[in-house]
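Here's the letter readout for the chains.
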Amino acid sequence: MHSNNYIFAIGINDYSSHLWKNLNNAVLDAETLTKILKNRYSFEVYPHNLYNTNATKSEIFNSLNSLNQVVTEEDSVIIFFAGHGNMDPVTKKGFWIPTDGTLDRSTWIENSSIKNFISDCPAKHVLLIIDSCFSGTFLTTTRNGNLERTYLDLNSKKSRWVISSGGEEKVSDGLPNEHSPFGKKIFDFLNKNDNENSSLSELFNYIQLLISSKNNQKPLCNYIDGVGHNDGELVFTISNGIKSKVKKTIGIPNSEILKQEFLANISSDNRLASGKEILIVKSIVDDYDFMIIENFRFNDQNEKKIKFIDNKGILDLNDLENSWDVIRRFATVDGMINYIQKYPEFSGEKTVFLGAHPDIDYVEEQLYSIYYSQYLTQLLNSNTKQMQCLHCGDKITDNDNYLIEFDDYGYSTAVGNVHNNCLRPIDRILGKSIYKDIAQDHYLKNFDFDKWIQLLQDGQGQLAFLKKPKNFYDINIISWNPANHLNNGSYCIKILFDNGDTNYVMVGKQIQRFTEKEIDSWVQKFTDALTSKPCKIIQSGVNGYIDTIKNIIEEDQTISYVLSYEKVRYSKLLEKTETTIINDYTPLCYFTNSDDELLEIDNMVPFIADPQSVEDYIKNWQSIEEIDENYKIKIVESDLELGNLISVYYKQNICY
């Protein structure tokens, strides 16, 4: 089936409102990109590019809709926008500013509107290139590193990508008539490329490296989530000036001139070692227990010589029995030396060293080693949770960890950190990630602080008030209602206070609802409890019986007593919508031992609401019984999860 390539470019230098400063190069960049794509890559303009006063909000939408009517499922589409962008500081939503944009946000174009167009677009490939401030607000997912793939494979699968000139910040427009830094590197790549095909990843990796090394600006790239992306990439095919026809890519330019420029900008100081294998294995030589083997990692076809499966190093996949039992694996000799200094049993007379040819000292400077090192760097940079263990998934909060490459045969490669006790024999140790000035004996071992803070903002509706009072003379009990999420009925109970305030009986953050059969009996139960003098602290809203409230009230606070409870018809309009609480009880923390079994203290499973106090808890529990020093602190993330845990404990007859 015949396919077409379309470019639709928008460039806005001139804005009708004085609120937006006129730009220097938006139109020039849009025109230049269009010219290159038409002359070298067989693109055609459709419906027509929009510049300056023609690039109104309505015209942009009309053109996008027209484009959708023309493209087919085999076509490729590039949409380029150069102009002002903006971001809502609260919601983080991003916008394009058309030429007629004013202070009124309704005159802007929200990212979600562009995403809706892309979702409806039938084309096989859609690439959105945005050169504006706050353009990174369009990205919602995390980009993976590039695997080696053929251009044919990339082109065969549907793709939806966005390349932005920066993140959630302002970016440079450049000097007049000299292009923006972002645009200039795009044009350099497309003009200089002389390999028959090049991938979107090659384009992005080139512009990101060269811009980041010379400007305080970091372009971003990712697939667009939720609009039909299926692991493909738009492939640029040149129609003239072809000098090479390399068929595979790892996301680094195959064009020789671009390749040399790319490699010249890679700093050797931060390069991850990629060309060697240093292995400690069980000896296959008599009279020795261990062998230390130094080996070239890649053969002449740039394929890995040794495949790693189930803690074995295999030279021939057709002869799995002829393999090495791997004890530890390293990327560098220095890493191996540091390790055996810590574990001297590998350095004695029972260990034999089998070195490689002296040329291995220069292997890291070989072209493919540099390529692969850049690939590992991409994988590491795309890992947004670098201090989360690749294996167990728990947070790493101490320096007892390793930076590793995971490349088990048959699985996707990954780069990240792992706990020392999670390290597997065939994990390729690249180095260590170090926290500066961290106490090595701290009690919050591998605790996920980021997750806790995030969850705490929306949780602990029932528990938060307990932390505020200075002293409690009684232990306050927070009851757990397993049917908390089942709140039905047409009635509720209204509370009248002696200061004129009213409230309702609540379950968590919601008004407790009752059925017609149960409402009268519940009103009577609350009425009978008036003898215990239920009341509230007016200033804080804390409720309770007077015997508890009088012990926590502060000098400048006053008490209001409950006068009565009344049966009323429920209406959702009675609910207070300003609450931000999502979970009434959680987040909470519980503990497991090193085998991930529940940590029990005298037949009790403790939950704690304040991890900052964990040191006090641990010391207290150690006075009762010995605590596994490799305990783990787990976070209960939702009330539903808490209910499931408590149900398990209840069946096991364990207190909590």
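Here the structure is shown first, and the text comes after it.
Keep in mind it's a predicted model, so treat the numbers as computed, not measured. (Residues numbered from 1 in each chain as written. Predicted model: local features only at pLDDT ≥ 70, side-chain atom pairs only at ≥ 80, totals over all residues. Heavy atoms only, no water.)

### Describing the packing of helix α6 (residues 200–214) against helix α7 (residues 256–264)
- Direction vectors running N to C along α6 and α7 enclose 40°, while the axes themselves pass 10 Å from each other. In terms of their interaxial angle, α6 and α7 are classed as oblique. Regarding α6 and α7, the two cross each other, and that crossing is left-handed. Across the interface between the two elements, N205, Y206, L209 and L210 from α6 touch L258, E261 and F262 from α7.
- Of the residues belonging to the contact of α6 with α7, the class tally is five nonpolar, one polar and one charged. (Axes fitted to C-alpha atoms, helices over the stretch in contact; angles between N-to-C directions. Helix = DSSP H or I, 4+ residues; strand = E, 2+ residues; numbered from the N terminus. Parallel < 35°, antiparallel > 145°, perpendicular 65-115°, else oblique. Left-handed = near helix turned anticlockwise from the far one by under 90°. Contact = heavy atoms within 4.5 Å. Nonpolar A, V, L, I, M, F, W, Y, C, P; charged D, E, K, R; others polar.)

### Side note on a nonpolar patch on the surface
- Residues I284, V285 and Y288 make up a contiguous nonpolar surface patch of about 270 Å² in total accessible area.
- Position of Y288 among the secondary structure elements: in the loop between β15 (276–282) and β16 (290–296).
- A relative accessible area of 33% places Y288 in the partly exposed class. (Patch = residues over 30% accessible without salt bridge, like charges linked within 9 Å, V, L, I, M, F, W, Y side chains within 5 Å. Areas by Shrake-Rupley, 256 points an atom, 1.4 Å probe, with all protein chains shown as cover. Salt bridge = Lys/Arg side-chain N within 4 Å of Asp/Glu carboxyl O. Buried < 20%, exposed > 50% of the residue type's maximum accessible area, 1.4 Å probe, protein only.)

### As for the packing of aromatic side chains
- Across all of its chains, the model carries 23 aromatic pairs by this definition.
- Ring centres 5.0 Å apart and planes at 80° place the aromatic pair F298 and Y368 in the edge-to-face group. Here Y368 lies in helix α9 (residues 367–382) and F298 lies in the loop between β16 and β17 (307–309), a separation of 70 residues in the sequence.
- A relative accessible area of 14% places F298 in the buried class.
- Centroid distance Y372 to Y375: 5.2 Å. Interplanar angle 70°. Geometry classified as edge-to-face. You can see Y372 and its partner Y375 sitting in helix α9, three residues apart, about one turn around the helix. Accessibility classification places Y372 together with Y375 in one group, the buried group.
- Ring pairs connect the aromatic residues F290, F330, Y339, Y343 and F346, which therefore count as one cluster.
- It is K432 that lies over the ring of Y402; its NZ or CZ is 4.4 Å from the centre. (Phe/Tyr/Trp six-rings, centres within 6.5 Å; stacked < 30°, edge-to-face > 60°. Lys NZ or Arg CZ within 6 Å of the ring centre and 35° of its normal.)

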